[in-house]
Amino acid sequence: MITGTPSSQPLGGVEALLEEARERTLRLVEGVSGPDLDRVHDPLMSPLAWDLGHIAAFEDLWVSREAGTELLREDLADVYDAFETPRTGRGGLRYLRHDELRAYMEAVRERTWRALVRVSPFIAEMLVQHEHQHNETMLQTLQLAEPGVYAPARTPGPGAARAGSRLVGGGSFEMGDAGEGFAYDNERPRHAVDLPAFRIDNGPVTNAAFAEFLADGGYGRRELWSEEGWELRRSEGWERPLYWSAGGGVRRFEQVVELEAELPVMHVSAHEAEAYARWRGARLPSEAEWERAALGEDIPGRLEQLDFGPGPAGPFVGDCWEWTDTEFDGYPGFRPHPYPEYSQVFFRSGYRVLRGASWATRARVARTTFRNWDHPRRRQIFAGFRCVEDA
Ligand SMILES: [Fe+2]
């Protein structure tokens, strides 16, 4: 039996982490104008000002609960409740703007400092991770925004993509988080999973490899697509990954740049990933296969958010999220903690699991047991995929 390496973070030392998380949040939106913070850039995403207020409201909620006090702003609880307000309707909410927003963020943080002794280490760490996770969401919004909104300087990732594949032997392994450090409820409990042998790519599919699929007419070949994927391809007019242009360029925030061959292809839906895999005579991994392959292969990618782009396709964790073919569900023995709305309400609802982490993920959040999920049709995520074959 192979046992997972502990990869979750130890608890503690949270003041500095909270401060650093806030510095990063503000750093990311530094160059964004007031009106661009306030407006909806894409119906899929919240206004950035909503994300900022929500980060503070989430902190207010959990610190108040732990400390047994009233919310600082009870009137904002509904506005910033992520579960009650779907993203599509957030543009019409009375969320805070400008100076009022900054003042609210600061006031909540002030209270947090005073109450922190009564906040459990788990909840404190959750606040840090929550803020980190919203930073990635905000970067998705900024990438969707039209040119002129955001122009970060990209630091190119050096090196070559990892080519080839390797054999992972069959047998039982321990899947999920061991329960020692911080992890979300959906990563637990750790449980034994039996898998037959399989071959898995050493790195995610590169831009160069995906371009071959395109050149071979992959988007027009019905037999490569699932029924749902083909229907979406037609109704959404998919002809290439989101942000790729017909002329062979790719839009990265403000600029259209030439495709870099060695970087992982990103911004494809799970359906496009599946069509590619079928074209290659392969398939997407199950999330169990992905986690099994990532064990002992835990070389993180650059995980440097301020690079504003991925490094060459390779590691399991760190350059792009990776689609799997598994629907999001609880592990055997799942128990919601600390609230059902984090995971449980999304189980068995057609969401697909993504594994790994992208360049936009903070290193503290990234771990081989982390489970991300979204609709398989979504393309705004910094997500690519790697392929597997039966051995
Ligand atoms: Fe949130």
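Values in this document were obtained by computation on a predicted structure and should not be read as measured data. (Residues numbered from 1 in each chain as written. Predicted model: local features only at pLDDT ≥ 70, side-chain atom pairs only at ≥ 80, totals over all residues. Heavy atoms only, no water.)

1. Details of the overall build of the protein
Of regular secondary structure, the protein possesses nine helices and eleven strands. Relative to a compact globule of 391 residues, whose C-alpha radius of gyration would be 21 Å, the protein shows 21 Å and is just as compact. Viewed in the frame of its principal axes, the protein has a C-alpha envelope of about 60 × 50 × 40 Å. Across the 391 residues in the protein, those meeting the buried criterion constitute 56%. A separation threshold of at least 6 residues defines the contact pool for the protein, and within that pool the share at least 24 residues apart is 80%. If you sum the accessible surface of the protein, you get close to 16100 Å²; carbon and sulfur atoms cover 50% of it. (Helix = DSSP H or I, 4+ residues; strand = E, 2+ residues; numbered from the N terminus. Rg over C-alpha atoms; globule rule 2.2 N^0.38 Å. Buried < 20%, exposed > 50% of the residue type's maximum accessible area, 1.4 Å probe, protein only. Contact = heavy atoms within 4.5 Å. Areas by Shrake-Rupley, 256 points an atom, 1.4 Å probe, with all protein chains shown as cover.)

2. Quick look at the coordination of the iron ion
Tetrahedral metal sites with four donors have an ideal angle of 109.5 degrees; octahedral sites with six donors have ideal angles of 90 or 180 degrees. Binding of the iron ion to the protein goes through His54 (NE2), His130 (NE2) and His134 (NE2), at separations of 2.2 Å. Read from N- to C-terminus, the donor residues coordinating the iron ion fall into the pattern H-x75-H-x3-H. Here the residue His54 occupies a position in helix α3 (residues 48-67), and His134 occupies one in helix α5 (residues 121-144), the gap between them amounting to 80 residues. A relative accessible area of 4% places His54 in the buried class. With a relative accessible area of 13%, His134 lands in the buried category. (Donors = N, O, S within 2.8 Å, 3.2 Å for Na, K, Ca; no water.)

3. Quick look at the sheet that holds strand β4 (residues 198-201)
Taking strand neighbours across the sheet as the criterion, the three strands line up as β1-β4-β11 in an open arrangement whose pairing is antiparallel. Unpaired on one side and paired on the other, β1 (165-168) and β11 (388-390) mark the two borders of the sheet. Shown here is a sheet whose adjacent strand axes are inclined to one another by a mean of 25 degrees, direction ignored. As paired elements, β1 and β4 share four bridges and run antiparallel to each other. Bridging from a neighbouring strand, Ser165 pairs with Asp201 of β4. Packing against the sheet, helix α9 (residues 287-294) makes contact with β1, β4 and β11, and its axis sits at approximately 75 degrees to β4. (Pairing = 2+ DSSP bridges. Axes fitted to C-alpha atoms, helices over the stretch in contact; angles between N-to-C directions.)

4. Re the sheet that holds strand β10 (residues 383-384)
Across the sheet, four strands lie side by side as β9-β8-β7-β10; this open sheet has mixed pairing. Across the chains shown, the open sheet's two edge strands, defined by having one partner strand only, are β9 (372-374) and β10.

5. Here's the deal with the side chain of Asp307
Topologically, Asp307 is positioned in the loop between α9 and β7 (321-327). What makes Asp307 buried here is its relative accessible area of 5%. Filtering out sequence-adjacent residues up to four positions away, Asp307 remains in contact with Ala153, Arg154, Thr155 and Arg302.

6. Digging into the environment of Ala277
Mapping Ala277 onto the fold places it in helix α8 (residues 270-279). Taking the C-alpha atoms as reference points, Ala277 and Trp225, separated by 52 residues in sequence, lie 9.8 Å from one another. Not counting the four nearest positions on each side in its chain, Ala277 is found in contact with Ala282, Arg283, Leu284 and Cys387.

7. What about the packing of aromatic side chains?
On inspection of all chains with the given rule, the structure shows 37 aromatic pairs. Each ring, one from Phe182 and one from Tyr184, has its centre 5.2 Å from the other, and the planes form 80 degrees; the classification is edge-to-face. Across the pair, Tyr184 and Phe182 agree in class, each one buried. In this structure, Arg65 packs its charged tip against the face of Trp62, placed 4.6 Å from the ring centre. Residue placement shows Arg90 over the ring face of Trp50; its charged tip is 3.8 Å from the ring centre. (Phe/Tyr/Trp six-rings, centres within 6.5 Å; stacked < 30°, edge-to-face > 60°. Lys NZ or Arg CZ within 6 Å of the ring centre and 35° of its normal.)

8. Comments concerning unusual backbone geometry
Across residues other than glycine, the phi torsion is negative in most instances, and most of the peptide bonds are trans. At the junction of Arg188 and Pro189, the peptide bond is cis and its omega measures out at -5 degrees in the coordinates. Tracing the backbone shows Pro189 in the loop between β2 (171-175) and β3 (191-195). Note that the residue after His337, namely Pro338, is joined by a cis bond; omega there is -5 degrees. Positioned with a positive phi, Tyr243 is a non-glycine residue whose angle comes to about 85 degrees. Within the secondary structure layout, Tyr243 lies in the loop between α7 (227-236) and β5 (249-252). Backbone geometry places Phe253, a non-glycine residue, at a positive phi of 50 degrees. Summarising the element assignment, Phe253 is placed in the loop between β5 and β6 (255-258). Judged by its relative accessible area of 3%, Phe253 is buried.

9. Focus: the side chain of Asn207
Inspection of the secondary structure puts Asn207 in helix α6 (residues 207-215). Within polar-contact distance, the side chain of Asn207 engages the backbone oxygen of Glu260 at 2.9 Å. Setting aside residues up to four positions removed in sequence, Asn207 forms contacts with Trp244, Leu259, Glu260, Ala261, Leu263, Pro264 and Val265. (Polar contact = N/O pair within 3.5 Å; in protein donor to acceptor, adjacent residues only side chain to side chain.)

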